[in-house]
Amino acid sequence: MTANGWFQIGFYLLVIFLLTKPVGIFMTRVFNREKTFLDPVLRPIERVVYRLTGVDEKHEMRWTEYAIAMLLFSGVSMALLYLIERTQKWLPFNPQKFPNVEPGLAFGTAASFTTNTNWQAYSGESTMSYLTQMAGLAYHNFASAAVGIVLAIVVIRGIARKETDKLGNFWVDTTRCLLWVLLPICVVGSLVFVSQGVVQNLKPHTTVQLIEPQTVQITGADGKVTTQTVTQQVIAQGPVASQEVIKEFGTNGGGFFGANSAHPFENPTPFSNFFQLVLIFAIPSGLTYTLGRMTSSQRHGWAVWAAMTFLFFVGVATAYWAEARGNPLLVGVNQNPSALHPGGNMEGKEVRFGIANSALFATVTTDASCGAINSQHDSFTPLGGMVPLINIMLGEVVFGGVGAGLYGIIVFVILAVFIAGLMVGRTPEYLGKKIESYDVKMAMLAILILTLTILGFSAVAIVKPFGASSISNPGPHGLSQVLYAYVSSTGNNGSAFGGLNVNTMWYNTSTAVAQLLGRFFMIIPVLAIAGSLAKKKTVPESAGTFPVTGGLFAGLLVSTILIVGALTFFPALSLGPILEHLLMSAGKAF
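Every value quoted in this text rests on a predicted model; they were computed, and no experiment measured them.

Student: Can you tell me about the nonpolar core, naming the residues and giving the values?
Tutor: One finds Leu182 and Phe312 to be the most contacted residues of the largest nonpolar core, which totals 128 residues. Beyond its immediate sequence surroundings of up to four residues, Phe312 is in contact with Tyr12, Leu13, Phe281, Leu360, Thr363, Val364, Asp367, Val398 and Phe399.

So this is what it looks like as structure tokens:
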């Protein structure tokens with residue numbers, strides 16, 4: 001570890017802190033329908049959209065009506081993406097003449113992008129046409145992000161409002177999110193990326209002659225190895241910058257290229273790398289301020305932010321330490337940093353970014369449900385790779401995905417307040433609302449859905465040949481690969497331990513089902529909590545009220561998150577990365 005590495009991590013956290021208040025204030029104004037500086041341009045467009053679609057912007061919905069609208073919107077969008085994938089061969093903007101995407105992969109990809117997971121069992125530059133990338137995948141990057149944000153706003157409204165069953169209008173909230181929050185930043189951000197060298201064109205892939213031909217060995221289907229001389233290289237390109245900005249800002253994570261943000265056309269410079277990191281946390285961090293402002297308890301919003309920040313710092317510090325200390329199996333190899341050597345475990349990492357930025361990116365992208373990568377998590381040391389795994393297992397509530405992180409941590413807030421109420425022997429209260437058995441049941445249902453989906457699918461994949469045959473590494477690392485696949489899918493993250501072959505019928509189907517369960521079967525209980533809280537009366541604070549605004553509450557919230565995660569997943573972690581670390585320290589590898 002170096003002082004420069006710690007400075008970069010600290011500077012990043014400072015920038016996120018400085019962005020939290022302005023982003024939070026702006027989103028509060030947007031969703032409270034207060035005046036913003038963008039209104040003169042966007043308000044007329046909004047009115048036209050409502051006229052064309054027949055939406056009554058004054059109509060407000062109950063939580064059940066809101067949920068039905070959200071499910072219909074997502075279902076139709078998913079079907080449209082599947083149709084585009086299955087017919088891309090005959091559609092325009094396909095200069096490489098890519099064939100139609102096969103049914104299993106098309107279904108998995110449609111489910112993935114609809115749920116904001118962006119799990120990719122393919123390389124985009126060799127599978128998806130430009131039309132599929134733009135009208136299919138990039139569209140879903142906007143739509144799924146908007147759905148997550150408006151659901152967080154609904155939960156905040158449920159906490160803030162009293163004695164009502166009205167929580168807003170899904171169509172109005174989504175329209176305002178797209179027009180005011182996502183599109184303006186993405187237009188500007190895409191130009192920033194272009195200025196850094198990110199590609200943005202509709203040209204066919206370019207074939208160039210290599211200056212120095214390369215000799216490679218090819219293993220055929222019969223197992224025989226032949227030597228070939230490669231004299232040409234195909235350079236993929238396309239409309240990358242426009243997809244890159246919403247990939248990060250909407251915490252989607254799906255890359256235009258298979259190498260994702262490790263590819264120089266997606267992430268060419270240190271500044272573009274830093275800009276991507278800032279985009280990932282900008283909205284999730286800002287929503288904590290929106291929570292405080294809309295509920296008239298700004299100290300509570302900052303307490304939630306502090307809990308998230310503590311968990312983030314512990315994660316990034318652990319990952320940085322684990323990767324910087326290197327691989328103990330490389331006996332006699334100098335792994336200390338120097339002027340000519342980065343030191344540590346550089347396997348699977350881009351030399352442009354090094355260990356500090358790789359550990360930071362891995363932590364940020366799995367704290368948020370983003371899934372973008374600038375290094376291969378599969379090549380991290382066991383403890384370094386365990387950090388992204390644990391981040392997702394905790395529900396990605398450390399800032400989390402756009403919207404999803406906030407309503408995810410509200411579930412843990414309810415549990416923390418409930419535990420505090422039990423300890424003091426009185427009915428728990430949260431910002432003046434009594435937390436009753438229905439609210440706790442819904443919170444536990446949301447957590448159990450994630451747990452059962454992750455562990456259930458992982459168990460089947462480990463013991464059945466159709467799942468185990470895709471494992472590339474025997475021993476505990478193979479378990480980590482499978483576990484990460486279902487943790488990432490159910491948590492709607494999308495990153496992966498790349499050594500697992502997931503482009504099979506089993507993994508395409510099972511991960512798609514896990515993504516749908518992790519997204520929508522968690523959203524419904526959360527919306528039910530919002531509807532329940534909105535109907536309640538506000539009771540005044542008393543001497544027995546547990547405060548949700550200070551360090552004690554933040555500590556209890558962190559403890560609740562860690563205890564639930566530890567009790568649920570520690571057995572699986574002990575057989576995977578923890579066992580692998582102990583064996584590696586003892587000099588054994590697989």
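Back to the write-up after that little detour.
Student: Before we move on, can you summarise empty space enclosed by the protein with the specific residues and values?
Tutor: Under the definition given, this model contains five cavities of 30 Å³ or more. Forming the walls of the largest cavity are 30 residues, and the residues nearest its centre are Ile392, Gly395, Glu396, Leu450 and Met522. Taken together, the elements giving at least two residues each to the lining of the largest cavity come down to helix H12 (382-393), helix H13 (404-424), helix H14 (437-463), helix H17 (505-535) and helix H18 (551-575). Among the elements that line the lining of the largest cavity, the one with the most residues is H13, at six residues. The calculated volume of the second largest cavity comes to roughly 50 Å³. Looking at the second largest cavity, the residues that line it are Val417, Ala420, Gly421, Val424, Arg426, Thr427, Pro428, Glu429, Gly544, Thr545 and Phe546. With four residues, the top contributor of residues to the lining of the second largest cavity is H13.

Student: Can you explain the packing of aromatic side chains? Please cite residues and give values.
Tutor: Under the defined criterion, the tally for this structure stands at 30 aromatic pairs. A ring pair is formed by Phe457 and Tyr486, whose centres lie 5.5 Å apart and whose planes are at 10°; its orientation type is stacked. Of this pair, Phe457 sits in helix H14 while Tyr486 is found in helix H16 (residues 476-490), placing the two residues 29 residues apart along the sequence. In this structure Tyr486 comes out as buried when scored by relative accessible area, which is 0%. One aromatic cluster is present, built from ring pairs that chain together Phe7, Phe11, Tyr12, Phe17, Phe274, Phe281, Tyr289, Trp302, Trp305, Phe312 and Phe399.

Student: Can you explain the pattern of salt bridges? Please cite residues and give values.
Tutor: With the rule as written, the count across this model stands at 13 salt bridges. Glu350 is the partner of Arg352 in a salt bridge, and the nearest nitrogen-oxygen pair spans 3.1 Å. Since its relative accessible area comes to 31%, Arg352 is described here as partly exposed. A salt bridge links Glu429 to Lys434, with the shortest nitrogen-to-oxygen separation between them at 3.5 Å.

Student: Before we move on, can you summarise helix H2 (residues 39-53) with the specific residues and values?
Tutor: Three- or four-residue spacings in an α-helix give side chains the same orientation, since the helix completes a turn every 3.6 residues. Look at H2: 20 Å from first C-alpha to last across 15 residues, which is about the 21 Å you get at 1.5 Å a residue. Listed as buried for H2 are Asp39, Leu42, Glu46 and Tyr50. Looking straight down H2, one finds its buried side chains confined to an arc of 80°; they lie on one side. Among the exposed residues of H2, those pointing more than 90 degrees away from its buried face are Pro40, Val41, Arg51 and Leu52. On the buried face of H2, the contacting elements are helix H7 (170-196).

Student: So, the state of the cysteines: which residues are in play, and what are the values?
Tutor: Tallied over the entire structure, the rule returns zero disulfides. Its sulfur unpaired, Cys186 is 10 Å from the next cysteine sulfur, which belongs to Cys177. Relative accessible area serves as the criterion here: at 5%, Cys186 is assigned to the buried category. No disulfide involves Cys370; its sulfur sits 12 Å from that of Cys186, the nearest cysteine. The class of Cys370 is buried, set by a relative accessible area of 0%.

Procedures and definitions
- Residues numbered from 1 in each chain as written.
- Predicted model: local features only at pLDDT ≥ 70, side-chain atom pairs only at ≥ 80, totals over all residues.
- Heavy atoms only, no water.
- Core = buried A, V, L, I, M, F, W, Y, C linked by side-chain atoms within 4.5 Å.
- Buried < 20%, exposed > 50% of the residue type's maximum accessible area, 1.4 Å probe, protein only.
- Contact = heavy atoms within 4.5 Å.
- 1 Å grid on protein atoms, 1.4 Å probe; cavity = no way out; pocket = protein on both sides within 12 Å on 5 of 7 lines; lining within 4 Å.
- Points joined across faces, edges and corners; volume = space filled by probe spheres on them.
- Helix = DSSP H or I, 4+ residues; strand = E, 2+ residues; numbered from the N terminus.
- Phe/Tyr/Trp six-rings, centres within 6.5 Å; stacked < 30°, edge-to-face > 60°.
- Salt bridge = Lys/Arg side-chain N within 4 Å of Asp/Glu carboxyl O.
- Expected span 1.5 Å × (residues − 1).
- Arc of directions from axis to C-beta.
- Disulfide = S-S within 2.5 Å.

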